[in-house]
Amino acid sequence: MPMTLNQLRYFCELADAGNFGRAAERLHMTQPPLSRQIAGLETELGTKLFERGPKGVTLTAAGRQLLIDAREVLRLAALAQRNVVAARRGETGQLSLGFTMCAAYSVVPALTRRYKVAFPNVEFRVREMMPVVLERALREGEIDLGISFPGLDGPDTMSRPLLREPMSVVLPFNHKLSRVRRLKVRTLSTESFLIVPRDQAPSLHDGVVQRCQSAGFTPKIGLEVYLQQTIVNLVAAGLGVAFVPGSMQKAQVKGAVFKTVDNPPMVDQLLVWQSMNTNPCIQGFLSVCAELT
């Protein structure tokens, strides 16, 4: 029979104790089965590992070499066991997250930082995506988690709210309303709006349109732009006005002025994942999200 991990443990204990009686006591067993295990190991290896004497045992040259290797084998076996447990708990492995640009200026930095501190042995990959690309990547298993807007529906799609933030009006620096202290939405009725296309982010698009309609007008769409930062840049260049998430002010785009309004449209950021995804690292990320939110 090939040698076993138990035999190597018995061998190392006997080498350390130098006496069958003391080794058996440490191993919580009687001396005869310990003697049989060591004898079986010597038979398997075809060499004596110990010199027996009246006062105990000493290692042979072969035994001294085996002691070095056996300790390394047992160390690696213990490491393998810890790694398996860690992987089962989501403490090692890989985790991929897709997110929209809005999340890049709000929840993603803090979540990424906290997760990497809490789970330093997980290979954590983050990718910025358009909402429709994120939805496809999530359903096809290219990413484990996504941070996006409401609307990613499906029987296997799970979600958890992360953030609800108000949108702000962004104006060019030299706009006539840029110095108005309390901006009313209805004063924007003649403006040309920059907005994300509805097929990319329906909830974001509809929130802006509905807020304008509640103020008595339907917004005149000048440009449809995919990325929120691009919208802010184009507004700064004088190409219109826009509603964008308030956190976009962190982009510090020169020439853009942010204004708060009464009853602003709201932006919801959701964490989404597929219920069929069995990656154990997901649970760790959920716990970090729960602490942050």
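In this report, we go over the structure that sits alongside the text. Model, not experiment: these values are computed from the prediction.

When helices and strands are counted, the chain shows ten helices and eleven strands. Its C-alpha atoms give the chain a radius of gyration of 32 Å, more than 25% over the compact-globule value 19 Å for 293 residues. Expressed as lengths along the three principal axes of its C-alpha atoms, the size of the chain is roughly 105 × 40 × 25 Å. Each of the 293 residues in the chain was classed as buried or not, and the buried ones make up 45%. For the chain, long-range pairs separated by at least 24 residues make up 73% of all intrachain contacts whose partners lie at least 6 apart in sequence. In the chain, 34 side chains carry a positive charge and 25 a negative one; their mean positions are 8 Å apart.

With that settled, consider helix α9 (residues 228-236). Because the α-helix completes a turn every 3.6 residues, residues three or four places apart line up on one side. What α9 keeps buried is the set Gln228, Ile231, Val232 and Val235. Within α9, the buried residues cover an arc of 95° as seen down the axis, which keeps them to one side. Looking at the buried positions of α9, the neighbouring elements they touch are α5 (101-104), β6 (157-172), β7 (192-195), α8 (202-214), β9 (242-245) and β10 (256-259).

Turning to the pairing of strand β5 (residues 145-148), a few remarks are in order. Every second residue of β5 is oriented toward a common face, with Leu145 and Ile147 on one face and Gly146 and Ser148 on the other, all of them buried. Where strand β3 (residues 93-99) meets β5, three bridges bridge the pair, whose relative direction is parallel. Note on β5: the bridge partner recorded for glycine 98 is glycine 146.

Applying the stated criterion to the full structure yields seven aromatic pairs. Seen from their ring centres, phenylalanine 11 and phenylalanine 50 are 5.3 Å apart, and the 50° between their planes marks the pair as tilted. Of this pair, phenylalanine 11 sits in helix α1 (residues 5-17) while phenylalanine 50 sits in strand β1 (residues 50-53), and the two are 39 residues apart along the sequence. Across the pair, phenylalanine 50 and phenylalanine 11 agree in class, each one buried. An angle of 25° between the planes, with centres 4.9 Å apart, marks the rings of tyrosine 115 and phenylalanine 119 as stacked. Judged by relative accessible area, which is 0%, tyrosine 115 ranks as buried. Classification of phenylalanine 119 by relative accessible area gives buried; the value is 13%. The structure contains a cluster of three or more aromatic residues connected by ring pairs, namely Tyr115, Phe119, Phe124 and Phe285. Of note, arginine 179 hangs over the ring of phenylalanine 173, and the distance from its end group to the ring centre comes to 5.3 Å.

Topologically, valine 108 is positioned in helix α6 (residues 108-118). Overall, valine 108 belongs to the buried group, its relative accessible area being 7%. In sequence terms valine 108 and glutamine 65 are 43 residues apart; their C-alpha atoms lie 53 Å from each other. Once residues within four sequence positions are removed from consideration, valine 108 is found in contact with Phe99, Ala103 and Ile147.

Our next topic: the packing of α1 against helix α3 (residues 31-45). Relative orientation of the contacting elements α1 and α3 amounts to 105°, with a least axis distance of 10 Å. One element, α1, and the other, α3, form an angle in the roughly perpendicular class. For the pair α1 and α3, the contacting residues are Gln7, Tyr10, Phe11 and Leu14 in the first and Leu34, Gln37, Ile38, Gly40 and Leu41 in the second. Considering only residue class, the contact of α1 with α3 consists of six nonpolar, three polar and no charged.

With that settled, consider empty space enclosed by the protein. Tallied over the full model, the rule gives two cavities of 30 Å³ or more. Taken as a whole, the largest cavity encloses approximately 100 Å³ of empty space. Lining of the largest cavity is provided by 14 residues; of these, Thr100, Met101, Pro131, Phe149 and Tyr226 occupy positions nearest its centre. Here the lining of the largest cavity is built from residues that sort into eleven nonpolar, three polar and no charged. Of the volumes computed, that of the second largest cavity is approximately 40 Å³.

Let's shift gears to the pattern of salt bridges. Applying the stated criterion across every chain yields a total of twelve salt bridges. Measuring nitrogen to oxygen at the nearest pair gives 2.9 Å for the salt bridge that ties arginine 52 to glutamate 42. Pair noted here: arginine 52 is in strand β1 and glutamate 42 is in helix α3, with a separation of ten residues, a long-range link. A relative accessible area of 42% places arginine 52 in the partly exposed class. Here the residues in one salt-bridge network are Arg136, Glu140 and Glu142, joined through shared partners.

Here is what the cut-offs are and how they apply
- Residues numbered from 1 in each chain as written.
- Predicted model: local features only at pLDDT ≥ 70, side-chain atom pairs only at ≥ 80, totals over all residues.
- Heavy atoms only, no water.
- Helix = DSSP H or I, 4+ residues; strand = E, 2+ residues; numbered from the N terminus.
- Rg over C-alpha atoms; globule rule 2.2 N^0.38 Å.
- Buried < 20%, exposed > 50% of the residue type's maximum accessible area, 1.4 Å probe, protein only.
- Contact = heavy atoms within 4.5 Å.
- Lys, Arg positive; Asp, Glu negative; His and termini not counted.
- Charge placed at Lys NZ, Arg CZ, Asp CG, Glu CD.
- Arc of directions from axis to C-beta.
- Pairing = 2+ DSSP bridges.
- Phe/Tyr/Trp six-rings, centres within 6.5 Å; stacked < 30°, edge-to-face > 60°.
- Lys NZ or Arg CZ within 6 Å of the ring centre and 35° of its normal.
- Axes fitted to C-alpha atoms, helices over the stretch in contact; angles between N-to-C directions.
- Parallel < 35°, antiparallel > 145°, perpendicular 65-115°, else oblique.
- Nonpolar A, V, L, I, M, F, W, Y, C, P; charged D, E, K, R; others polar.
- 1 Å grid on protein atoms, 1.4 Å probe; cavity = no way out; pocket = protein on both sides within 12 Å on 5 of 7 lines; lining within 4 Å.
- Points joined across faces, edges and corners; volume = space filled by probe spheres on them.
- Salt bridge = Lys/Arg side-chain N within 4 Å of Asp/Glu carboxyl O.

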